[in-house]
Amino acid sequence: MQSVKTYFITGATGAIGTALVPILLEDKNARIKLLMRAKSTTELNARLETLYQFWKIGLEDSNFRERIQAIRGDVASPHFELDELTYRGLCADCTHIIHSAGNVRMNLPLEQARRSAVGSAQNVVEFSRDCTRLEKIEFVSTVGVGGHLALVPETWLSKPRAFHNTYEQSKAEAEDYIRSEVEQGLPLTVHRPSMVVGDSRTGKIIHFQIFYYLCEFLSGRRTWGILPQLGGVQLDIIPVNVVAGAIAWSSRRIDTAGQILHLCSGPEKSVKLLKLRELVRIAFVRSRLDVPAAIFDVPPRLFSALLSMSARLSGVKMKRQILALPIFLDYLATRQTFQNVRTQKLLEVATINIPDPQVYVEQVLDCYLDRKYGS
């Protein structure tokens with residue numbers, strides 16, 4: 001009889017976490033403990049019920065519900081803000097840790113970004129030291145730790161480099177901290193996803209993040225059809241089910257400890273923004289949404305001025321998205337390659353395929369447009 005695996009997961013309400021839990025539950029010996037922020041037990045239960053609905057786990061699915069426990073706490077606080085009894089109980093039960101929590105806002109003040117990335121990493125490592133049955137840790141980072149490097153290798157990074165934003169810098173600092181722990185024997189695998197999008201089979205994802213905001217702009221609907229020069233810039237995206245599948249597989253293997261996996265499409269399968277713009281505009285038309293006639297290849301400085309004007313005329317939520325776009329466009333201006341040859345060979349062992357974006361982008365866009373705008 002196989003022993004029970006108890007997974008402690010941070011970031012369970014995020015894109016990767018929500019895709020990961022159903023995969024882990026395929027193992028009938030898996031038990032899941034989800035650390036979730038909530039102001040009260042009532043709010044915690046409501047957030048968990050929202051996840052059940054996303055996973056399509058009904059009240060009758062007791063086999064799944066009885067193996068999931070939500071715990072109210074904060075990964076960025078010491079002992080996750082748990083009382084001593086709860087914390088020690090977790091330490092006694094936990095066999096696997098998956099740390100996927102993170103604030104993906106790119107323009108936070110540096111100290112706030114550090115508290116989210118470095119502080120949470122320190123708390124997870126401290127927790128792991130107290131776990132008496134620990135087997136493995138999966139640490140979710142980002143390919144963005146490469147900053148402005150033209151080539152980001154599947155290795156620890158020690159080369160001095162500049163960063164596009166505080167999100168990248170704080171995640172890089174968190175990796176520096178993790179590296180010292182791994183070199184002392186911590187059984188941990190680092191996962192560096194690129195830009196995560198919806199499931200390659202269904203398009204489904206729980207939250208729409210920067211990829212979808214970018215697609216709104218590529219449609220021309222936010223800028224009166226005026227679109228910036230894109231040249232030969234490529235975008236590395238990865239379906240959320242591929243990322244979750246790789247993390248789940250790695251969690252069951254001690255031989256991946258100490259390794260860094262680049263969960264990305266890589267240079268051969270990255271999609272050109274010119275092609276993505278074409279696919280986006282076709283998808284919007286297919287969904288019977290108005291798409292303005294496009295004025296392409298506007299110089300970057302003029303386009304930034306138009307963004308500022310658009311922000312002044314928009315609501316609060318859209319204004320935040322518009323003001324974040326120049327940060328992202330700066331990131332795209334860096335011609336960058338993420339190596340993933342070694343990771344692909346590992347994933348072949350796991351029978352996990354990284355599909356070509358043109359196979360799934362249409363599905364991802366249709367799912368987004370259906371949820372946001374209706375039929």
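Here we summarise the structure given alongside this text. From a predicted model like this one, the values you see are computed outputs, not experimental measurements.

**Details of a nonpolar patch on the surface**
Residues Trp-224, Met-309 and Leu-313 make up a contiguous nonpolar surface patch of about 350 Å² in total accessible area. Residue position: Met-309 is located in helix H11 (residues 300–312).

**Some remarks on the pattern of salt bridges**
Summed over the entire model, instances satisfying the criterion amount to 15 salt bridges. Glu-173 is the salt-bridge partner of Arg-114, the closest N and O atoms lying 2.7 Å from each other. Of the two residues, Arg-114 sits in helix H5 (residues 110–130) while Glu-173 sits in helix H6 (residues 166–182), which places them 59 residues apart along the sequence. The class for Arg-114 is partly exposed, based on a relative accessible area of 25%. Its relative accessible area of 22% is what places Glu-173 among the partly exposed residues. Put simply, Glu-84, Arg-88 and Asp-130 are held in one network by salt bridges that share partners.

**Examining the sheet that holds strand E5 (residues 136–140)**
Spatially, the 7 strands line up as an open sheet ordered E3-E2-E1-E4-E5-E7-E12, and their pairing is parallel. Looking at which strands have only one partner, the edges of the open sheet turn out to be strand E3 (68–72) and strand E12 (260–263). Averaged over neighbouring strand pairs, the angle between their axes works out to 20 degrees when direction is ignored. Both strand E7 (residues 188–193) and E12 contribute to a ladder of 4 bridges, which runs parallel. Its bridge partner lying in E12, Val-190 is registered against Ile-260. Together, strand E1 (5–10), strand E4 (96–99) and E5 form the strand contacts of H5, whose direction differs from that of E4 by roughly 180 degrees.

**Focus on the side chain of Lys-5**
Summarising the element assignment, Lys-5 is placed in strand E1. Classification of Lys-5 by relative accessible area gives buried; the value is 17%. Ignoring anything within four residues of it in the chain, the contact list for Lys-5 reads Asp-27, Asn-29, Ala-30, Arg-31, Thr-95 and His-96.

**What to know about the environment of Gln-229**
For Gln-229, the location among the structural elements is in the loop between strand E9 (226–228) and strand E10 (234–235). With relative accessibility at 45%, the residue Gln-229 sits in the partly exposed group. Taking the C-alpha atoms as reference, Gln-229 lies 12 Å from Ser-304; in sequence the two are 75 residues apart. The residues contacting Gln-229, other than those within four sequence positions of it, are Asp-297, Val-298, Pro-299 and Pro-300.

**Concerning the packing of helix H1 (residues 15–24) against helix H2 (residues 41–55)**
Between H1 and H2, the shortest axis-to-axis distance is 11 Å and the interhelical angle comes to 65 degrees. One way to sum up the angle between H1 and H2 is to call them roughly perpendicular. As for the relative orientation of H1 and H2, their crossing is right-handed in sense. Here H1 contributes Thr-18, Val-21 and Pro-22 to the contact with H2, which in turn contributes Leu-51, Phe-54 and Trp-55.

**Examining H11**
The end-to-end C-alpha separation of H11 is 19 Å, in line with the 18 Å expected for 13 residues at 1.5 Å each. For H11, every residue scored as buried is listed here: Phe-303, Leu-306, Leu-307, Ser-310 and Ala-311. Buried positions in H11, seen along its axis, are confined to an arc of 140 degrees and lie on one side of it. For H11, the exposed residues set more than 90 degrees away from the buried face come down to Arg-301 and Arg-312.

**Considerations on the environment of Arg-312**
Along the chain, Arg-312 turns up in helix H11. For the pair Arg-312 and Cys-215, spaced 97 residues apart in sequence, the C-alpha to C-alpha distance is 21 Å.

**Examining helix H13 (residues 341–349)**
Here H13 has its buried residues at Thr-343, Leu-346 and Leu-347. Seen end-on, H13 carries its buried residues on one side only, within an arc spanning 100 degrees. Away from the buried face of H13 by more than 90 degrees, exposed residues Val-341, Lys-345, Glu-348 and Val-349 are located. Residues of H13 that are buried make contact with helix H8 (240–251) and E12. Two residues or fewer after H13 comes Thr-351, characterised by a positive phi angle close to 55 degrees.

**Some thoughts on the state of the cysteines**
The full count for this structure, using the stated rule, is 0 disulfides. Take Cys-264: it sits in no disulfide, and the sulfur closest to it among the cysteines is that of Cys-215, at 19 Å. Residue Cys-264 is classed as buried on the basis of its relative accessible area of 0%.

**Notes on the packing of helix H4 (residues 84–93) against H5**
The contact between H4 and H5 brings their axes to 8 Å, and the two run at 65 degrees. Classified by the interaxial angle, the pair formed by H4 and H5 is roughly perpendicular. Between H4 and H5 lies a crossing whose hand is right-handed. Together, Tyr-87, Arg-88, Leu-90 and Cys-91 of H4 and Glu-126, Phe-127 and Asp-130 of H5 make up the contact between the two elements.

**Considerations on the packing of aromatic side chains**
Each aromatic ring pair is specified by the distance between its two centres and by the angle formed by the two planes. Under the criterion given, the structure shown has 11 aromatic pairs. An aromatic cluster is built from Phe-8, Phe-80, Tyr-87 and Phe-127, whose rings are joined through pairwise contacts. Its guanidinium or amino end placed over the ring of Tyr-52, Arg-65 lies 4.0 Å from that ring's centre, counting from NZ or CZ. Directly above the ring of Tyr-373 sits Arg-221, whose terminal nitrogen or CZ lies 5.3 Å from the centroid.

About the thresholds
- Within any chain, residue numbers begin from 1 and follow the written order of that chain's sequence.
- Selection of residues for local features in this predicted model requires a pLDDT of at least 70, selection of side-chain atom pairs for listing and counting requires 80 or more, and totals for whole chains, interfaces and linings are taken over all residues.
- Here the side-chain values reflect all heavy atoms present in the structure, with hydrogen atoms and water set aside.
- Distance thresholds for patches are 9 Å for like charges and 5 Å for nonpolar side chains (Val, Leu, Ile, Met, Phe, Trp, Tyr), applied to residues having over 30% relative accessible area and no salt bridge.
- Shrake-Rupley sampling with a 1.4 Å probe provides the accessible areas, and residues are treated as covered by the protein chains on show and by no other component.
- What makes a salt bridge here is a side-chain nitrogen of Lys or Arg within 4 Å of a carboxyl oxygen of Asp or Glu, nothing more.
- Secondary structure elements follow DSSP: runs of H or I no shorter than four residues count as helices, runs of E no shorter than two count as strands, and numbering proceeds from the N terminus.
- Exposed residues in this analysis have more than 50% of their type's maximum accessible area, buried residues have under 20%, and partly exposed residues fall in between, with area computed by a 1.4 Å probe over protein chains only.
- Think of it this way: DSSP has to see at least two bridges between two strands before they count as a pair.
- Axis definition: a line fitted to C-alpha atoms, over the contacting stretch in the case of helices. Angles run 0 to 180 degrees between N-to-C directions.
- Between two residues, a contact is recorded if the distance between any of their heavy atoms is within 4.5 Å.
- Each angle receives one of four descriptions, namely roughly parallel if under 35 degrees, roughly antiparallel if over 145, roughly perpendicular if within 65 to 115, and oblique otherwise.
- Left-handed describes a crossing whose near helix is turned anticlockwise from the far helix by less than a right angle; the clockwise case is right-handed.
- Here, expected helix span is obtained from the residue count minus one, scaled by 1.5 Å.
- Regarding the arc, it is the one traced by the directions from the helix axis to the C-beta atoms.
- Two cysteine sulfurs form what is called a disulfide whenever their separation falls within 2.5 Å.
- Note on ring pairs: Phe, Tyr and Trp rings are taken, using the six-membered ring of Trp, and paired if centres are within 6.5 Å. Classes follow the plane angle, with under 30 degrees stacked, over 60 edge-to-face and the rest tilted.
- For a lysine, the NZ atom is tested; for an arginine, the CZ atom; a charge sits over a ring if that atom is within 6 Å of the ring centre and within 35 degrees of the ring normal.

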